[in-house]
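Coordinate analysis (summary)
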Amino acid sequence: MAVVTELLDAFPYEENVREIKRHEESLFKQPKLMGPVKLLEHELVRAVHFPVEFMPAKFSPPRGVYECDQIRLEWQQMNSFRQPFYHRNADVDELSYQICGERTLMTEYGSVELRPGDFSRIPVGVAHDNYGRAEIHLLIYIPAPVYDAGTLSRTAQVMLPPFEGWESKFVAEVMTECLGGPECDISASDVDETLLLEHGKDISPDLLLRVLRAEGKEGATEWMYKSKDVWVGNTVVSGSDPTIYYRHRKAQEIQCQIKGTRTLITQHGIIDLEPGDFINIPNGVAFTNVATSESLHITVLTSNPAPAKAEVVKVAQAATPEAVNKVREALQRDGN
């Protein structure tokens, strides 16, 4: 096998990336240690799955994907539906990524129409509601503060009515803690929706909600948001260079496949990923991507392990030198 380059980083410090040259085959051979020392046996990486194309269904609350004390990642589908109350987070910034369809995000810091590819961040303590139409989005709850790092697309505006058919009335408002999780409400009251949505007229324009969009840079992750313990980014892989491996020594990497297909090669297994697959690469495990056409996934780095909350739908095959060679040979055939 060829000599490959491993990029070893010390999240969250981007400048501390080490380049290590390795024989690729050696990454997938279990060494034999002398004496009484025994190495641990590790599980193969596993994928969970949620649709990325809208299918009519009864309303259901957001579905948990991965969760720990530092992050809560959820999948939600909505169709001509509003959540039953305005929500305020007491402890987290609430991020979202629009996968498909359209959604009106209404907040006291302005309202905005979200379309596929849009990222948004609702600052901690800001009241918000959603009205989705045949749409799917990801929700990511991260302890505040979280900082914008991506490219600004546009800012929210005060919109009354925020969507066709809206009527002004008193509605419920609920404040929650514990990363926006269920049964975590700490207070509730009624609120005049018009008064709430008009609040955006009285704040500095710099405080209006910001919508970010990735520029679509190929190969590297475009970081959209950063906090002390969690980073969120947009990753495009196309005609990938499988001689570059990545390894985080202080973070797990969650990947949410949005478009296209690719093969993920890791020291803990090889797995084919398709739209809707979610996978978690453990801390300290080297990995690379193999793709013959454009592939898009959302990347989330977390410094604490975030176990899956959803059912596992596929398990990787063991990563042996022979299995890696087969992936390489298939790539060469497809490339020709």
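Residues numbered from 1 in each chain as written. Predicted model: local features only at pLDDT ≥ 70, side-chain atom pairs only at ≥ 80, totals over all residues. Heavy atoms only, no water.

1. Overview of the overall build of the protein
- Counting its regular elements, the protein contains two helices and 26 strands.
- In terms of C-alpha radius of gyration, the protein reaches 22 Å, essentially the compact-globule figure of 20 Å for 336 residues.
- Considering only C-alpha atoms, the protein reaches an extent of 70 × 45 × 40 Å along its principal axes.
- Looking at the protein residue by residue over its 336 residues, the buried ones come to 50%.
- Sequence separation of at least 24 residues holds for 74% of the intrachain contacts in the protein that already meet a minimum separation of 6.
- Only carbon and sulfur atoms are counted for the fraction: they give 50% of the accessible area of the protein, which is about 16,400 Å².
- One way to put it: in the protein the 34 positive side-chain charges average out to a point 6 Å from where the 49 negative ones average out. (Helix = DSSP H or I, 4+ residues; strand = E, 2+ residues; numbered from the N terminus. Rg over C-alpha atoms; globule rule 2.2 N^0.38 Å. Buried < 20%, exposed > 50% of the residue type's maximum accessible area, 1.4 Å probe, protein only. Contact = heavy atoms within 4.5 Å. Areas by Shrake-Rupley, 256 points an atom, 1.4 Å probe, with all protein chains shown as cover. Lys, Arg positive; Asp, Glu negative; His and termini not counted. Charge placed at Lys NZ, Arg CZ, Asp CG, Glu CD.)

2. Side note on the pattern of salt bridges
- A complete count under the given rule lists 23 salt bridges for this structure.
- The residue Arg133 makes a salt bridge to Glu113 at a minimum N-O spacing of 2.8 Å. Here the residue Arg133 occupies a position in strand β11 (residues 128-143), and Glu113 occupies one in strand β9 (residues 110-114), the gap between them amounting to 20 residues.
- Through salt bridges with shared partners, a single ionic network connects Asp93, Arg121, Asp148 and Arg210. (Salt bridge = Lys/Arg side-chain N within 4 Å of Asp/Glu carboxyl O.)

3. Points about the sheet that holds strand β3 (residues 46-49)
- Spatial strand order, β12-β17-β18-β25-β20-β23-β3-β26: eight strands in an open sheet with antiparallel pairing. What marks the edges here is a single partner per strand, and that holds for β12 (147-148) and β26 (312-315).
- Two elements, strand β20 (residues 252-259) and strand β23 (residues 277-281), share four bridges in a ladder whose sense is antiparallel. Counterpart to Glu253 in the pairing with β23 is Ile281. (Pairing = 2+ DSSP bridges.)

4. Describing the packing of aromatic side chains
- One pass over the full model with this rule turns up nine aromatic pairs.
- Look at Phe50 and Phe278: their rings are 6.0 Å apart centre to centre, the planes differ by 85°, and that puts the pair in the edge-to-face class. Of this pair, Phe50 sits in the loop between β3 and β4 (63-68) while Phe278 sits in strand β23; the two residues are 228 residues apart in sequence, bridging distant segments of the chain. Of the two residues examined, Phe50 and Phe278, each falls in the buried class.
- Ring geometry for Tyr97 and Phe119: centres 4.7 Å apart, planes at 50°, overall tilted. Placement of the pair is Tyr97 in strand β8 (residues 92-107) and Phe119 in strand β10 (residues 118-122), with a sequence separation of 22 residues.
- Overall, Tyr97 belongs to the buried group, its relative accessible area being 4%. (Phe/Tyr/Trp six-rings, centres within 6.5 Å; stacked < 30°, edge-to-face > 60°.)

5. Things to note about a nonpolar patch on the surface
- On the surface, a cluster of nonpolar side chains totalling about 260 Å² of accessible area is made up of Leu33, Val37 and Leu39.
- When you line up the elements, Leu39 lands in the loop between β2 (13-23) and β3.
- On the basis of relative accessibility, which here comes to 44%, the residue Leu39 falls in the partly exposed class. (Patch = residues over 30% accessible without salt bridge, like charges linked within 9 Å, V, L, I, M, F, W, Y side chains within 5 Å.)

6. Brief notes about the state of the cysteines
- Counted by the stated rule, this structure contains one disulfide.
- The residue that forms a disulfide with Cys178 is Cys184, at a sulfur-sulfur distance of 1.7 Å.
- Judged by relative accessible area, Cys184 falls into the buried class, the value being 16%.
- Unpaired in this structure, Cys100 has its nearest cysteine sulfur neighbour in Cys256, at a distance of 14 Å.
- Here Cys256 is not disulfide-linked; the sulfur of Cys68 is the nearest cysteine sulfur, at 14 Å.
- Here Cys256 falls in the buried class, since its relative accessible area comes to 0%. (Disulfide = S-S within 2.5 Å.)

7. Re the pairing of strand β21 (residues 262-266)
- Most of β21 sits inside the fold, with five of its five residues counted as buried.
- A two-sided burial pattern is seen for β21, the buried positions comprising Arg262, Leu264 and Thr266 on one face and Thr263 and Ile265 on the other.
- Of the strand pairs in this sheet, β21 and strand β22 (residues 269-273) are connected by five bridges, and their pairing is antiparallel. Along β22, the bridge assignment pairs Arg262 with Leu273.
- Bridge analysis of β21 against strand β24 (residues 287-290) gives four bridges, and the strand direction is antiparallel. In the sheet register, Thr263 faces β24, and the bridge partner there is Val290.

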